[in-house]
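Residue strings, one per chain:
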Amino acid sequence: MNFIEVVKDKIKKKGLKNNYIAKKMGINNVSFSDRLTGKVNFKTDEVFKLAKILNINLNKFKAEA
């Protein structure tokens, strides 16, 4: 699973709404939806915020050297 798939899965499993996550991140709902669809990439600080909000371990996305 890639990062966006994990985010979508966590949101669904926790029963959260996209607008709740967007508000916690400090962005509008449309911007968050665009990032979830892949139209716009998540910024680095947004990735860290999402990981904290949804309790995602980012180490599993590290590239193997």
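Q: What exactly am I supposed to notice about the overall build of the protein chain here?
A: Assigned secondary structure in the protein chain consists of four helices and zero strands. The C-alpha radius of gyration computed for the protein chain amounts to 11 Å, which stays within 12% of the reference 11 Å derived for 65 residues, consistent with globular compactness. Its C-alpha atoms give the protein chain principal-axis dimensions of roughly 35 × 25 × 20 Å. Taking contacts inside the protein chain between residues at least 6 apart in sequence as the whole, the part at least 24 apart equals 53%. For the protein chain, the exposed area adds up to about 4800 Å²; of that, 50% sits on carbon and sulfur atoms. Each charge sign in the protein chain was given a centre, from 15 positive and 6 negative side chains, and these centres are 7 Å apart.

Q: Would you mind showing me how to read the packing of helix H2 (residues 18-25) against helix H4 (residues 44-54) here?
A: Two packed helices can be described by the angle between their axes and the distance between those axes. Where H2 contacts H4, the axes come no closer than 10 Å and their chain directions differ by 120°. With respect to H4, the element H2 is oriented oblique. Crossing of H2 over H4 shows right-handed handedness. Seen from H2, the contacting residues are Ile 21, Lys 24 and Met 25; seen from H4, they are Glu 46, Lys 49, Leu 50, Ile 53 and Leu 54. Looking at the contact of H2 with H4, its residues break down into five nonpolar, no polar and three charged.

Q: What is the right way to read the packing of helix H1 (residues 3-14) against helix H3 (residues 29-37) from this model?
A: It is at 9 Å that the axes of H1 and H3 come closest, and there the two elements cross at 125°. Relative to H3, the element H1 lies oblique. Across the interface between the two elements, Ile 4, Val 7, Lys 8 and Ile 11 of H1 pack against Phe 32, Arg 35 and Leu 36 of H3.

Scoring rules and cut-offs
- Residues numbered from 1 in each chain as written.
- Predicted model: local features only at pLDDT ≥ 70, side-chain atom pairs only at ≥ 80, totals over all residues.
- Heavy atoms only, no water.
- Helix = DSSP H or I, 4+ residues; strand = E, 2+ residues; numbered from the N terminus.
- Rg over C-alpha atoms; globule rule 2.2 N^0.38 Å.
- Contact = heavy atoms within 4.5 Å.
- Areas by Shrake-Rupley, 256 points an atom, 1.4 Å probe, with all protein chains shown as cover.
- Lys, Arg positive; Asp, Glu negative; His and termini not counted.
- Charge placed at Lys NZ, Arg CZ, Asp CG, Glu CD.
- Axes fitted to C-alpha atoms, helices over the stretch in contact; angles between N-to-C directions.
- Parallel < 35°, antiparallel > 145°, perpendicular 65-115°, else oblique.
- Left-handed = near helix turned anticlockwise from the far one by under 90°.
- Nonpolar A, V, L, I, M, F, W, Y, C, P; charged D, E, K, R; others polar.

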